[in-house]
Amino acid sequence: METPELPIKIAKLLERQNAPERLKRHLRIVHMVAFDLLSKLKEVFPLIPIYEKLVLFGAATHDIGKIVVEEELYRNGNKHEVIGMKMLISFGFSEAEARFAKTHGNWIDKDLEIEDLLVCLSDKIWKGKRILELEELICKRISIISKQNYWSVYVALDSIIERIALGADQRIAWQGY
């Protein structure tokens, strides 16, 4: 499976921190899915203001705390979230960039930006996982921002997500699950 490389700055950071190969592969996959998601959203909703660089940065670094909390590479947990945010800040990244390490798993009952929600979505759909509440929240945001009918947005976003989710088996195998 061909997956695009992470941004050089992130790849070098992961190397310096001796990130496990599984983590590096996971971050590449989520980064690739976020890139795909953003390009499809731009095609369908060209007027939505999304800070693409932030989404891609968040996708490429969201689980960086798993370098420290390595057991969460193999089982559920959220200790890596705050640790990851602190790590990124300590490496000189801004809080606006580092926040994705913390927000990627905490989208419920939060007033997050669309960029945070898109990183959350990318981190789910890479493995074919669909979370209706998250998708509906994103639909509502896009509907409000674009001033388009909710159901039109829902149908378009559902189609985008479904197409991306179809490649889940290959991505899971490549990551090494």
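Attention in this report is confined to the structure presented alongside it. (Residues numbered from 1 in each chain as written. Predicted model: local features only at pLDDT ≥ 70, side-chain atom pairs only at ≥ 80, totals over all residues. Heavy atoms only, no water.)

Here we look at the side chain of E135
Thinking step 1. Along the chain, the position of E135 falls in helix 7 (residues 132-146).
Thinking step 2. Among the polar contacts made by the side chain of E135, one reaches the side chain of R130 at a distance of 2.7 Å. (Helix = DSSP H or I, 4+ residues; strand = E, 2+ residues; numbered from the N terminus. Polar contact = N/O pair within 3.5 Å; in protein donor to acceptor, adjacent residues only side chain to side chain.)

Here's the deal with the nonpolar core
Thinking step 1. Membership of the largest hydrophobic core comes to 38 residues, with the highest contact counts inside it found for L41, I50, L118, L134, I138 and I142.
Thinking step 2. The set of elements that each furnish at least two residues to this core consists of helix 2 (21-44), helix 3 (52-61), helix 6 (114-125), helix 7 and helix 8 (150-165).
Thinking step 3. A total of eight residues in this core trace back to one element, the largest contributor, which is helix 2.
Thinking step 4. Of all hydrophobic cores here, the second largest spans 18 residues; its members include L23, F93, A98 and A101. (Core = buried A, V, L, I, M, F, W, Y, C linked by side-chain atoms within 4.5 Å. Buried < 20%, exposed > 50% of the residue type's maximum accessible area, 1.4 Å probe, protein only.)

As for the packing of aromatic side chains
Thinking step 1. Tallied over the full model, the rule gives four aromatic pairs.
Thinking step 2. Taking 6.1 Å as the distance between ring centres and 35 degrees as the angle between the ring planes, the aromatic pair formed by Y150 and Y154 counts as tilted. Residue Y150 and its partner Y154 are located together in helix 8, separated by four residues, close to a single helical turn.
Thinking step 3. Between W151 and Y154, the aromatic rings sit 5.4 Å apart at their centres with planes inclined by 65 degrees, giving edge-to-face as the arrangement. (Phe/Tyr/Trp six-rings, centres within 6.5 Å; stacked < 30°, edge-to-face > 60°.)

Brief notes about the packing of helix 2 against helix 6
Thinking step 1. Contact pair helix 2 / helix 6: the axes reach a minimum separation of 9 Å and the direction vectors enclose 120 degrees. Of the possible angle classes, the one that applies to helix 2 and helix 6 is oblique. In this structure, the crossing between helix 2 and helix 6 has a hand that is right-handed. Every residue of helix 6 that contacts helix 2 at H26, V30, V33, A34, L37, L38 and L41 is listed here: L118, L121, S122, D123 and I125.
Thinking step 2. The residue inventory of the contact of helix 2 with helix 6, partitioned by class, reads nine nonpolar, two polar and one charged. (Axes fitted to C-alpha atoms, helices over the stretch in contact; angles between N-to-C directions. Parallel < 35°, antiparallel > 145°, perpendicular 65-115°, else oblique. Left-handed = near helix turned anticlockwise from the far one by under 90°. Contact = heavy atoms within 4.5 Å. Nonpolar A, V, L, I, M, F, W, Y, C, P; charged D, E, K, R; others polar.)

Describing the pattern of salt bridges
Thinking step 1. In total, this model carries twelve salt bridges according to the counting rule given.
Thinking step 2. Close ionic contact of E52 with K42 constitutes a salt bridge, the shortest N to O distance being 3.6 Å. One end of the pair, E52, is in helix 3; the other, K42, is in helix 2, and ten residues separate them in sequence.
Thinking step 3. On the basis of relative accessible area, K42 is assigned to the partly exposed category, the value being 47%.
Thinking step 4. A salt bridge links R130 to E135, with the nearest nitrogen and oxygen atoms 2.7 Å apart.
Thinking step 5. Members of the salt-bridge network, linked through shared partners, are E15, E21, K24 and R25. (Salt bridge = Lys/Arg side-chain N within 4 Å of Asp/Glu carboxyl O.)

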